[in-house]
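Overview (structure and organization)
If you want the building blocks of each chain, they are given just below.
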Amino acid sequence: MARQNIAAGNWKMNTTVSEGKDLYKALSNHSVPEDVTVIVGVPFLHIGTLLSIKHASIKIAAQNCHFKNSGAYTGETSPSMLADIGVDYVILGHSERREYFHEDNAMLAQKLDAALENKLKVIFCCGEPLEIRKQGTQNAYVSKQLEEGLFHLTADQLKDVVIAYEPIWAIGTGETASPEQAQDMHAHIRSILTNKYGNDAAQDMSILYGGSVKPGNAKEIFGKEDVDGGLVGGASLKADSFGAIIDSF
Ligand code: 13P
């Protein structure tokens, strides 16, 4: 994928299926500029229903998948199941998955491989907790997440990946990273991509910012040189606020 403007919503564990259906329909009525890709990351249970009313302008992502295609893993959903029904993307490595479900970089590397083998595109999340930000070691922390989780991929595989930088201290807290803090980290991520994969691959990567993105701050954040859009939690749960974020590019 060439670098794109992306507005991605992460519904997390919110909305019933019928509420999700109404939200998806309302979003489908929003006109999406040609140079913007819109994605919604929805609960597994919603996916079948939303695919049955799928609109070309709103792509569908799962919020997780397993690293095997089948087997004795009670309660899990595999990447081949998602690919088979026509899911476009999967979000991997969200900080909530890392924290509450103990997903580490090694496991995420396996999930990434399994998703890509099944031709799913991946939104790969990284980001530091508050204590790391206070110490000022966030660049090294995020580098390690990417080196261990992502950098085993070939440059060709990397084309199906979008990176989302989500500082944990800004998620659901109302405290947004400043546009400059986002730009600094995004530039850092692009520089380590350049070192590993070369300038063309780094320039082609879409890097999203996540953490309290709202209609009131999206324009300024998305306006930064290395910020290609957002991964939006709370503000993606209402069609009017997510619509306003789509319009901020
Ligand atoms: P909020 O936009 O609610 O802070 O959530 C961000 C996020 O975690 C998106 O994945």
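Residues numbered from 1 in each chain as written. Predicted model: local features only at pLDDT ≥ 70, side-chain atom pairs only at ≥ 80, totals over all residues. Heavy atoms only, no water.

1. Remarks on the overall build of the protein chain
The criterion, for reference: Numbering of helices and strands runs from the N terminus, with a helix taken as a DSSP run of H or I at least four residues long and a strand as a DSSP run of E at least two residues long. Buried residues are those whose accessible area, probed at 1.4 Å on protein chains only, stays under 20% of the maximum for their type, while exposed residues exceed 50% and partly exposed ones sit between those limits. Pairs of residues are marked as contacts when any of their non-hydrogen atoms sit within 4.5 Å. Each accessible area is a Shrake-Rupley estimate made with a 1.4 Å probe; only the visible protein chains count as cover when residues are assessed.
Across its full length, the protein chain holds twelve helices and eight strands. Principal-axis analysis of the C-alpha atoms gives the protein chain an extent of 45 × 45 × 35 Å. In the protein chain, buried positions account for 53% of the 249 residues. Long-range contacts, defined here as pairs at least 24 residues apart, represent 71% of the contacts in the protein chain between residues at least 6 apart. Accessible surface, the protein chain as shown: approximately 10900 Å² in total, 50% of it carbon and sulfur.

2. Focus on the environment of glycine 198
Following the sequence through the fold, glycine 198 ends up in the loop between helix 9 (179–197) and helix 10 (199–204). According to the relative accessible area criterion, glycine 198 is partly exposed, its value standing at 24%. Considered as a pair, glycine 198 and alanine 155 are 43 residues apart in the sequence and their alpha carbons are 8.9 Å apart.

3. Comments concerning unusual backbone geometry
The residue lysine 12 is not glycine, and still its phi comes out positive at about 55 degrees. Checked against the element boundaries, lysine 12 lands in the loop between strand 1 (5–10) and helix 1 (17–28).

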